[in-house]
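Listed here are the chains, written in short residue letters.
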Amino acid sequence: ALFGHTDVSDKDLPHHTKLTEMIFKEYIKEHDELKEEFKNALGRISFTADVWSDQNLLAYLALTSHFCTKDD
């Protein structure tokens, strides 16, 4: 039994390198779509950044962009 399931074995779960590959492919896809959206912005693009850490001093970074587009 794996994680309380009798019908799941180790071979059914992707290896961490496969998960990394899948995440990176999705990142590239989303990044390319965002670049296209930026190209179609009607004006300037504003970026905001925020950096903080938690109680264990793990660092976090958030990036936000604001822009207007025209729907077709």
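By the naming in an unreviewed UniProt entry, the chain goes by HAT C-terminal dimerisation domain-containing protein and is assigned to Hydnomerulius pinastri MD-312.

K.L.:
What is the right way to read the environment of Met 22 from this model?
P.N.:
Following the sequence through the fold, Met 22 ends up in helix α1 (residues 16-39). Overall, the relative accessible area of 44% leaves Met 22 in the partly exposed class. Expressed as a C-alpha distance, the spacing of Met 22 and Asp 32, which sit ten residues apart in the sequence, is 16 Å.

K.L.:
Explain a nonpolar patch on the surface here, please?
P.N.:
Taken together, the side chains of Leu 19, Met 22 and Ile 23 present a nonpolar region at the surface, about 290 Å² in accessible area. With respect to the secondary-structure elements, Leu 19 resides in helix α1. Its relative accessible area of 40% is what places Leu 19 among the partly exposed residues.

K.L.:
What is the right way to read the packing of aromatic side chains from this model?
P.N.:
Aromatic ring pairs: the centre-centre distance and the angle between the two ring planes describe each pair. Applying the stated criterion across every chain yields a total of four aromatic pairs. Aromatic pair Phe 38 and Phe 47: ring centres 5.7 Å apart, planes at 85°, arrangement edge-to-face. Here the aromatic residues Phe 38, Phe 47 and Phe 67 are joined through ring pairs into a cluster of three or more.

How each quantity is defined
- Residues numbered from 1 in each chain as written.
- Predicted model: local features only at pLDDT ≥ 70, side-chain atom pairs only at ≥ 80, totals over all residues.
- Heavy atoms only, no water.
- Helix = DSSP H or I, 4+ residues; strand = E, 2+ residues; numbered from the N terminus.
- Buried < 20%, exposed > 50% of the residue type's maximum accessible area, 1.4 Å probe, protein only.
- Patch = residues over 30% accessible without salt bridge, like charges linked within 9 Å, V, L, I, M, F, W, Y side chains within 5 Å.
- Areas by Shrake-Rupley, 256 points an atom, 1.4 Å probe, with all protein chains shown as cover.
- Salt bridge = Lys/Arg side-chain N within 4 Å of Asp/Glu carboxyl O.
- Phe/Tyr/Trp six-rings, centres within 6.5 Å; stacked < 30°, edge-to-face > 60°.

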